[in-house]
Amino acid sequence: MINKAFSFCLTLAMLFISVLANAQQQDTEKGPINEFFRSNDKIYVIVGVLVIIFIGIVLFLINLDRKISKLEEREKH
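Residues numbered from 1 in each chain as written. Predicted model: local features only at pLDDT ≥ 70, side-chain atom pairs only at ≥ 80, totals over all residues. Heavy atoms only, no water.

Let's talk about the overall build of the chain
So, point 1. A tally of helices and strands in the chain yields three helices and zero strands.
So, point 2. Out of the 77 residues in the chain, the part that is buried amounts to 8%.
So, point 3. Taken as a whole, the chain presents about 7100 Å² of accessible surface, with 67% of it coming from carbon and sulfur. (Helix = DSSP H or I, 4+ residues; strand = E, 2+ residues; numbered from the N terminus. Buried < 20%, exposed > 50% of the residue type's maximum accessible area, 1.4 Å probe, protein only. Areas by Shrake-Rupley, 256 points an atom, 1.4 Å probe, with all protein chains shown as cover.)

Printed below as a string of structure tokens:
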């Protein structure tokens, strides 16, 4: 069960890295919100908060999977 969780997390990490690589392309949208975030370097704060939230959700799901597996094993015996 842990191998499945590890491979799932590794797959998500690879997907996230590929998204970050594509995010480095020049943005053609010129809006006041985009200019504000880029001028004050707030975009990095937003990306950081999103990464922290994403990692928290993944860790919660892994923990939940372990608990459910333990309950299933106890139910079998």
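Looking at helix α3 (residues 43-76)
So, point 1. Compared with an ideal rise of 1.5 Å per residue, which puts 34 residues at 50 Å, α3 spans 50 Å between its outermost C-alpha atoms and is within 8% of the ideal.
So, point 2. Looking only at α3, the buried set comprises V58, I62 and S69. (Expected span 1.5 Å × (residues − 1).)

Thoughts on the side chain of S69
So, point 1. Turning to its location among the elements, S69 is positioned in helix α3.
So, point 2. Reaching out from S69, the side chain makes a polar contact with the backbone oxygen of D65 at a distance of 2.9 Å. (Polar contact = N/O pair within 3.5 Å; in protein donor to acceptor, adjacent residues only side chain to side chain.)

Things to note about the confidence of the model for the chain
So, point 1. Looking at the chain as a whole, its pLDDT mean stands at 79, while 75% of the residues score no less than 70.
So, point 2. Within the chain, α3 carries the highest mean pLDDT (91), whereas helix α2 (residues 32-39) carries the lowest (70). (pLDDT = per-residue confidence, 0-100.)

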